[in-house]
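Residue-level listing of the chains:
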Amino acid sequence: MRVPTPPHFEEADVATSGRDVRIGKYDVARNENGGVYDLSIALNYGQSVGAAQLLRWVTEHTELVSDPPYADWRCALTVGSTGALEQAVRMFCDRARGDAILTEEYSFSTALETAAPLGIKVFGARMDDQGLLPESVDEILSTWDEQARCARRPTVLYTVPSGQNPTGATQGAQRRRDIYAVCRKHDVFIFEDEPYYFLQMQPYTGPSTSSTPSPPPPATVEEYLSGLIPSLLSMDTDGRVLRMDSFSKVVVPGSRVGWVTGSEQVVERYIRHAECCSQGPSGLSQVLVYKLVDETWGHEGYLRWLMRLQLEYTRRRDTILAACEEFLPRDIVSWVPPAAGMFLWLKVDHTTHPDASTKSILEIEEDIFDRCINNGVLAIRGSWFRAEQSLPPSGLFFRVTYAAASEVDMARAIERFGAAVRESFGR
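Within each chain, residue numbers correspond to sequence positions counted from 1 in written order. Confidence filtering applies because this is a predicted model: local features only for residues at pLDDT of at least 70, side-chain atom pairs given and counted only at 80 or more, and all residues used for totals across whole chains, interfaces and linings. Note that the side-chain values use all heavy atoms of the structure and ignore hydrogens as well as water.

Colleague: Before we move on, can you summarise the overall build of the chain with the specific residues and values?
Modeller: Comment: elements are numbered from the N terminus, with helices defined as DSSP H or I runs of at least four residues and strands as E runs of at least two. If you tally the helices and strands in the chain, you get 15 helices and 15 strands. Throughout, the radius of gyration refers to the C-alpha atoms, and the reference size of a globule is 2.2 Å times the residue count to the power 0.38. Against the 2.2 N^0.38 benchmark of 22 Å for 427 residues, the chain shows a C-alpha radius of gyration of 23 Å, consistent with a compact globule. If one aligns the C-alpha atoms of the chain with their principal axes, the spans along those axes are about 75 × 55 × 35 Å. Exposed residues in this analysis have more than 50% of their type's maximum accessible area, buried residues have under 20%, and partly exposed residues fall in between, with area computed by a 1.4 Å probe over protein chains only. When the 427 residues of the chain are sorted by exposure, 54% land in the buried category. Restricting the contact set of the chain to residue pairs at least 6 apart, pairs at least 24 apart contribute 72%. As presented, the chain carries roughly 18600 Å² of accessible surface, and 50% of it is formed by carbon and sulfur atoms. Between the mean site of the 43 positive side-chain charges and the mean site of the 57 negative ones, the chain shows a separation of 2 Å. Contact criterion: two residues are considered in contact whenever any of their non-hydrogen atoms come within 4.5 Å of each other. Computed with a 1.4 Å probe, the accessible areas rest on the Shrake-Rupley method; for each residue, only the protein chains presented here act as cover. Counting rule applied: Lys, Arg positive; Asp, Glu negative; His and chain ends not counted. Charge placement uses NZ in Lys and CZ in Arg. For Asp and Glu, CG and CD serve respectively.

Colleague: Break down the pattern of salt bridges for me, with residues and values.
Modeller: Counted as salt bridges are all cases of a side-chain nitrogen of Lys or Arg within 4 Å of a carboxyl oxygen of Asp or Glu. All chains considered together, the criterion is met by 32 salt bridges. Taking the shortest distance from any N to any O, the salt bridge between D294 and R56 comes out at 2.8 Å. Of this pair, D294 sits in helix 13 (residues 283-327) while R56 sits in helix 4 (residues 52-65), placing them 238 residues apart in sequence. Classification of D294 as buried rests on a relative accessible area of 17%. Among the ionic contacts, a cluster of salt bridges with common partners joins R184, D187, D238 and R240.

Colleague: Outline a nonpolar patch on the surface, supporting the account with residue identities and numerical values.
Modeller: Patch membership needs two things, relative accessible area over 30% and no salt bridge, and members are linked within 9 Å if like-charged or within 5 Å if nonpolar (Val, Leu, Ile, Met, Phe, Trp, Tyr). A grouping of M1, L43, L284 and L288 is seen on the molecular surface, where their side chains present a nonpolar patch of about 370 Å² in accessible area. The residue M1 is located in the segment before strand 1 (2-3) in this model. Residue classification places M1 among the partly exposed positions, given a relative accessible area of 43%.

Colleague: Tell me what's going on with the packing of aromatic side chains, and back it up with residues and numbers.
Modeller: Aromatic contacts are taken between Phe, Tyr and Trp rings whose centres are within 6.5 Å, Trp giving its six-membered ring; a plane angle under 30 degrees counts as stacked, one over 60 as edge-to-face, and the others as tilted. Per the stated rule, a full pass over the model turns up 21 aromatic pairs. Taken together, a centroid distance of 5.2 Å and an interplanar angle of 65° make the contact between F9 and W305 edge-to-face. Pair noted here: F9 is in the loop between strand 1 and helix 1 (11-17) and W305 is in helix 13, with a separation of 296 residues, a long-range link. On the accessibility criterion, W305 (14% relative accessible area) is buried. Through a chain of ring-to-ring contacts, the aromatic side chains of W57, F247, W259 and Y302 assemble into a single cluster.

Colleague: I'd like to hear about the sheet that holds strand 12 (residues 333-334), residue by residue, with values.
Modeller: Reading across the sheet, the 4 strands line up as 12-13-15-14 and stay open at both edges, with antiparallel pairing between neighbours. Two strands in the sheet have a free side with no partner beyond their single neighbour: strand 12 and strand 14 (380-381). Here, axes are lines fitted to C-alpha atoms. For helices the fit covers the stretch in contact, and angles between N-to-C directions go from 0 to 180 degrees. Each of strand 13 (343-348), strand 14 and strand 15 (396-401) touches helix 14 (residues 361-374); the most contacted strand, strand 15, lies at about 35° to it. The rule for pairing is simple: two strands pair if DSSP sees at least two bridges between them.

Colleague: Provide a residue-level description of the packing of helix 5 (residues 81-92) against helix 12 (residues 264-275), including the pertinent values.
Modeller: Packing of helix 5 against helix 12 brings their axes to within 10 Å, and their N-to-C directions diverge by 110°. In terms of their interaxial angle, helix 5 and helix 12 are classed as roughly perpendicular. Touching A84, Q87, R90, M91 and F92 of helix 5 are V266, R269, Y270, H273 and A274, all from helix 12. A breakdown of the residues in the contact of helix 5 with helix 12 according to their chemical character gives 6 nonpolar, 2 polar and 2 charged. These descriptions rest on fixed angle ranges, namely under 35 degrees for roughly parallel, over 145 for roughly antiparallel, 65 to 115 for roughly perpendicular, and the rest for oblique. Only Asp, Glu, Lys and Arg are considered charged, only Ala, Val, Leu, Ile, Met, Phe, Trp, Tyr, Cys and Pro nonpolar, and every remaining residue, Gly among them, polar.

Colleague: Which residues make up the sheet that holds strand 10 (residues 241-246), and what are the values?
Modeller: Across a sheet, paired strands are connected by hydrogen bonds in the backbone, their directions being either parallel or antiparallel. Taken together, the 7 strands give an open sheet; going across it, the order is 3-11-10-9-8-4-5, and neighbouring strands pair in mixed fashion. The open sheet has two free edges, formed respectively by strand 3 (73-78) and strand 5 (121-125), since each of these has just one partner strand. Direction aside, neighbouring strands of the sheet carry axes that sit 20° apart on average. With 4 bridges joining them, strand 8 (residues 156-159) and strand 9 (residues 189-193) adopt parallel strand pairing. Bridging from a neighbouring strand, Y158 pairs with F191 of strand 9. Against the sheet, helix 9 (residues 173-185) engages strand 8, strand 9 and strand 10, with an angle of about 150° to strand 9. Against the sheet, helix 12 engages strand 3, strand 9, strand 10 and strand 11 (258-263), with an angle of about 25° to strand 3.

Colleague: I'd love a proper account of the pairing of strand 13, names of residues and values included.
Modeller: For strand 13, a buried count of 5 out of 6 residues is recorded, marking the element as mostly surrounded by other parts of the structure. Across 2 bridges, strand 12 lies against strand 13 in antiparallel orientation. Note on strand 13: the bridge partner recorded for S334 is K347. With 6 bridges connecting them, strand 13 and strand 15 associate as antiparallel partners. Within strand 15, the position partnered with F343 by the bridge is T401.

Colleague: Report on the environment of T261, specifying residues and quantitative values.
Modeller: Topologically, T261 is positioned in strand 11. C-alpha of T261 to C-alpha of T59: the two residues are 202 residues apart in sequence and 8.4 Å apart in space.

Colleague: Tell me about the side chain of R176, and please be specific about residues and values.
Modeller: Residue position: R176 is located in helix 9. Beyond its immediate sequence surroundings of up to four residues, R176 is in contact with P161, S162, T170, Q171, E192, E194, Y197, I229, P230, S231, L232 and M235.

Colleague: Give me helix 12: which residues, what numbers.
Modeller: Helical periodicity: at 3.6 residues per turn, an α-helix aligns residues three or four positions apart in one direction. Its 12 residues give helix 12 an end-to-end C-alpha distance of 17 Å, which sits within 8% of 16 Å, the value for a rise of 1.5 Å per residue. Elements in contact with the buried residues of helix 12: strand 3, helix 5, strand 9, strand 10 and strand 11. Here a helix's expected span is defined as the number of its residues, less one, multiplied by 1.5 Å.

Colleague: Before we move on, could you go through the pairing of strand 3 and cite the residues and values that matter?
Modeller: Counting buried residues along strand 3, 5 of its 6 residues qualify, which places the element largely inside the surrounding structure. Both strand 3 and strand 11 contribute to a ladder of 6 bridges, which runs antiparallel. Residue pairing for strand 11: A76 is matched across the bridge by V260.

What follows is the structure in structure tokens.
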């Protein structure tokens with residue numbers, strides 16, 4: 001396979017400066033093509049902890065980025081963050097005990113659907129522009145009524161701190177410290193799901209016509225790393241965080257390779273679980289990722305790739321925000337510029353809808369959604385992400401993404417969304 005050579009990542013560059021990477025069947029025996037990891041190893045049965053070659057690389061990478069502040073931490077490879085979460089929920093929660101999980105009031109829908117068939121109830125804490133509110137978490141845990149909620153007080157918090165799905169909210173450094181402090185107070189274990197951690201973007205300074213200059217991007221790997229918001233794992237002095245990382249959002253979604261990091265005791269149990277569950281990620285996926293991030297790019301090359309993604313997502317984020325400013329009715333629709341990730345959370349002021357006195361939020365939301373479909377645009381209904389579907393939504397929201405569409409298509413989609421909102425509001 002032909003891959004980019006850092007820092008020349010553009011497709012046009014690959015043709016001229018790219019590098020051909022080869023994998024043979026007996027590279028180790030013949031000391032060819034790197035001589036460390038070959039098809040005879042990758043295509044055979046492996047250990048559930050993952051291939052030792054790639055496991056070493058992700059462990060070094062984790063130390064570079066988070067450097068957990070205790071000695072006995074370790075990593076294990078996974079089949080991606082969703083599979084890792086499902087295993088973790090099975091490990092920490094038992095439906096027979098009436099266990100429950102606490103998360104954001106609007107949470108990753110797949111995470112919610114992962115817990116549901118396991119019989120684990122999920123409860124949502126309030127959010128603001130920085131995501132999860134620690135005071136809401138504290139209040140819920142301090143006033144928990146098992147009989148009223150038909151569940152034990154949650155002993156696990158599931159959170160997506162950076163570019164949260166669906167709201168796009170990013171917890172600042174102090175917010176993360178406050179959340180960790182609340183979890184220490186109530187002895188709550190934390191599932192830190194961070195697929196968008198490395199998609200932290202440059203601060204939004206307004207439309208391209210703004211007189212406010214954009215801050216310069218990081219010039220070095222060291223500057224890039226120092227600019228990242230500290231992870232919960234980096235603050236974890238108790239061993240109460242299980243962090244989930246993935247290559248899906250930054251390299252190859254279809255690889256289904258990621259890793260978890262936590263205390264030796266927790267990860268050892270995770271590995272035992274994997275032995276009778278996933279048995280670890282695909283050997284072919286592991287060797288392909290290893291050849292790219294270790295033998296070809298190395299840590300500095302991979303971090304330079306992430307730096308390039310940061311600039312690309314900053315540009316995409318700014319493009320969709322410019323479209324919102326041009327095409328959406330600002331007296332009805334509002335938003336907070338995302339600081340990370342790939343989602344924009346649009347809040348619609350349902351109280352000004354002409355049918356607000358006779359229709360519920362869900363009915364108005366459905367009307368706008370249907371009009372979007374008729375206009376040829378898909379904006380995901382915010383109510384679908386509610387952690388507690390039995391409760392009425394706290395507002396009317398739609399989730400849109402700037403991950404894949406072209407600049408032209410993003411602008412066209414936002415224009416169509418704006419038209420659907422105006423139609424529903426009789427404008």
